[in-house]
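The lines below spell out each chain.
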Amino acid sequence: MTSFLTNVLVTAEEMEKVDLNEKVTQIQKEILKLKCNIKEFMADKYVEFLPKLSNDKKLVSRAEKLLAELQTLRKRVDDQIKIHLYGSTRELKKLSNALKESDINLKLTRELLELNEYFRSIEQYKENKRYIDVAETLKKMLTLLNDSESDLQHLDIYSSLKNNYSRLYGIFKADTSFLLQEYICFKEKEEEDKGTVASLHFDSNVTQVSELIQALYYVDLLVTYLQKFSIKLMKHLIQPIIRYKCDVRVIDEKTFIVQTLNKSEKPVYKSVLYNLTLLFKFLNQHINVVLDDKNTFISRLHAFMFQEFSEILIQDCISNTIPSSSIELESFAEVVQDIEEFQDCLIQIGFISNDERFLTKYTINIDKLYVDKRCQDLLAKARTIMKKDLHDSIKYELQMPSKISENHLEDDSELYQKLSSATFHSPVYHISKSAKELLDLTKDILDEACRSKDDSAQRLFYTSRNVFEMYAILVPQYHKKFLDTIPQQVALFHNNCMFLAHHLLTLAHEYRDKLPKILLKHNITYADQTTLLRKIGSQCFLEHMLYQRNIIIDILRESGLSTLGQVSKLLANTERALRQCIRQLELLRTVWLEVLPTNIYCRAVGCIMNTMIEDLIMKVVSAEDIPVDVATELVTLFNMLLDRGPSIFPDPKTIEHHVRKWRKLTELIKVLEASLKEIQDRWADGKGPLAEAFNAQQVKQLIRALFQNTERRAALLSTIK
């Protein structure tokens, strides 16, 4: 009996194996046939693009039926493997592998059918304007096509499937972009009587706009649109609202209009914040689409325009509200309240978070902002003063210096007692009114520093120093054209520098006891500015003296004196050239005498005249032959210089003190009209007045040029050594 049951079970197992084998073979054939049919169908539709759309439902049905049979067979095989877990035969393993291969083929077949279903669904969704469904389907397709565990990539038609997806994606992108441009439209135009008019218009179909934006978000296309939208929003609406006086209005709750009234007029901050609030509320009403649990359209807009928006709003609007006086500082609380209300609106619509109150972060340290603004305004005021005309001048009278506190001179009290009472006196001269205004401004800055807190006092003190550094740089550049050519302006600039430098010597001592004690830890001095101003003023004046000297030298170069000894008489333009030189010196007297301090004027004009006389003497002394008539003409011309030259100085009697070559000129005139005997007497064996003015070689040269070669001349020349 036992043997019989054993035989029956063995026979049943063999029958089950045979049946499974036959079933697997049959399913493999069916799958192979289905693969061929699907391949032919997919090739026709996505490679050759033949319109065979009726067979896909039958193929899907067959695939699903085969999948069910495959699942039943897999269960039966698994049952057989479990029964013979430790003693399964090679035949069952082979059968199991065959089923796995069939499973892979069937999975690939099903994926192809899914792709086909996606392609067909997209067409239907587009017809029904279901853009979100299109976007979701495209995303599923891309996930399937890019699945690294799928065998789709090994198929011959994979590239065609990918290309077809790209085509549908491109069409979807173009269609949604075109529709959004119709639903959300920016415009800007110039109208003669209205100026620039910019607008943002929303279509009434809010649902359609929302679907389009959500669809773009699902396929990662919203970033591109947000970037373009933010650029247009900043350019056409936000920037004009912040920077220019505008008229803002909303029409029919669909169109937001910004009309620029005056680009040269800055709007008040209240109107800017009100108009921006109106704009953001308008955006919130029409386009604040919910994208997911954490994001909306406006919150995503933050990443693309917040930085530029915040910088422009602060620099072009809020910074102008910073007080520049103590009275304005007291009323700044109202500005802070308006700013907070505006930021509350931005938080409410989701443009910024509560931690991003950027305007509060800017205005929280109002004391620092105030002193920064104050210092900027003071420097701007100083710059305006420096640009005023230099020739608008006043007479600066002799003044006593500010008394220096004896507390600062205890260590040098003995030295201080030895100083003259006029040590710090200033001479009488003219200065530009702007220089006096600049000094008064500096004293106002220091007075304000004395009343300020420690940090503000430091900033104000160093601002006062910056005023003079700016003066030394700005004025020579800004007034360069006049300083290069107009002697009066050069003299005034020189005086301005000396005037400011003179007062800077004692300014720090005057305010030392008034300034906050914290400044005593610093080096409160203007000594370096004093040196700088003196250097700049002197350098500019010396350069102009060189310019005036060159004018005179050029005139003499073109005169007949350059050909002296080569012609029998002086050229006609010699007298004219000398008169022109004298007139140039007289012009300097006219524009400089009342402007410059007397000692500076005398040194400057004396130096220029000395150069002119030296050039005249050199031309005469270097001549090889001077006829009698030419010598007579030279005496006449030089006597004209002797007559008119002294009047150029305030005290004509002091001309020899200021013009070192003056005595040499008078001696030359005497030589030109003297006899050999008179020359010998004035030489006096190297001890006479002629020997003091000229050396032996020059005297010999003059004698040879003026007198013919005679025994008397030779005898005289031999005595001059």
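Here's what I pulled together on the structure shown here. (Residues numbered from 1 in each chain as written. Predicted model: local features only at pLDDT ≥ 70, side-chain atom pairs only at ≥ 80, totals over all residues. Heavy atoms only, no water.)

## Points about the overall build of the protein chain
On a plain count of helices and strands, the protein chain comes out with 28 helices and 6 strands. Buried residues in the protein chain amount to 45% of all 721 residues. Sequence separation of 24 or more characterises 75% of the internal contacts of the protein chain that already satisfy a separation of 6 or more. Accessible area for the protein chain stands at about 39,100 Å²; split by element, carbon and sulfur atoms hold 50% of it. (Helix = DSSP H or I, 4+ residues; strand = E, 2+ residues; numbered from the N terminus. Buried < 20%, exposed > 50% of the residue type's maximum accessible area, 1.4 Å probe, protein only. Contact = heavy atoms within 4.5 Å. Areas by Shrake-Rupley, 256 points an atom, 1.4 Å probe, with all protein chains shown as cover.)

## Things to note about the packing of helix α8 (residues 269–287) against helix α9 (residues 297–316)
One can describe the packing of α8 onto α9 by two numbers: an axis separation of 13 Å at closest approach and a directional angle of 165°. Overall, the two elements α8 and α9 adopt an arrangement that is roughly antiparallel. Judged by the sense of rotation from one axis to the other, the crossing of α8 with α9 is right-handed. Across the interface between the two elements, Val272, Leu276, Phe280, Leu283, Asn284 and Ile287 from α8 touch Phe297, Ile298, Phe309 and Leu313 from α9. Residues of the contact of α8 with α9, tallied by class, amount to 9 nonpolar, 1 polar and no charged. (Axes fitted to C-alpha atoms, helices over the stretch in contact; angles between N-to-C directions. Parallel < 35°, antiparallel > 145°, perpendicular 65-115°, else oblique. Left-handed = near helix turned anticlockwise from the far one by under 90°. Nonpolar A, V, L, I, M, F, W, Y, C, P; charged D, E, K, R; others polar.)

## Comments concerning unusual backbone geometry
Its identity as a non-glycine residue notwithstanding, Asp252 has a phi of 55°, on the positive side. With respect to the secondary-structure elements, Asp252 resides in the loop between β3 (245–251) and β4 (255–262). Its relative accessible area of 63% is what places Asp252 among the exposed residues.

## Examining the nonpolar core
General note: in soluble globular proteins, nonpolar side chains tend to be found buried as a group. Counting residues in each nonpolar core, the largest one holds 119 residues, and the members touching the most others are Trp592, Met609, Leu634 and Phe638. Sort the elements by how many residues they give to this core and helix α21 (residues 598–621) lands first, with 13 residues. When near neighbours in sequence (up to four residues on either side) are disregarded, Trp592 contacts Pro487, Gln488, Ala491, Phe541, His544, Met545, Tyr601, Ala604, Val605 and Ile608. Counting residues in hydrophobic clusters, the runner-up holds 77 residues, among them Tyr131, Tyr217, Phe280 and Cys317. (Core = buried A, V, L, I, M, F, W, Y, C linked by side-chain atoms within 4.5 Å.)

## Description of the packing of aromatic side chains
The tally for this structure, following the rule as stated, stands at 20 aromatic pairs. With a centroid separation of 6.3 Å and 50° between ring planes, the pair formed by Tyr217 and Tyr218 is classed as tilted. For Lys514, the ring lying beneath its charged end belongs to Tyr511, and the centroid distance is 4.9 Å. (Phe/Tyr/Trp six-rings, centres within 6.5 Å; stacked < 30°, edge-to-face > 60°. Lys NZ or Arg CZ within 6 Å of the ring centre and 35° of its normal.)

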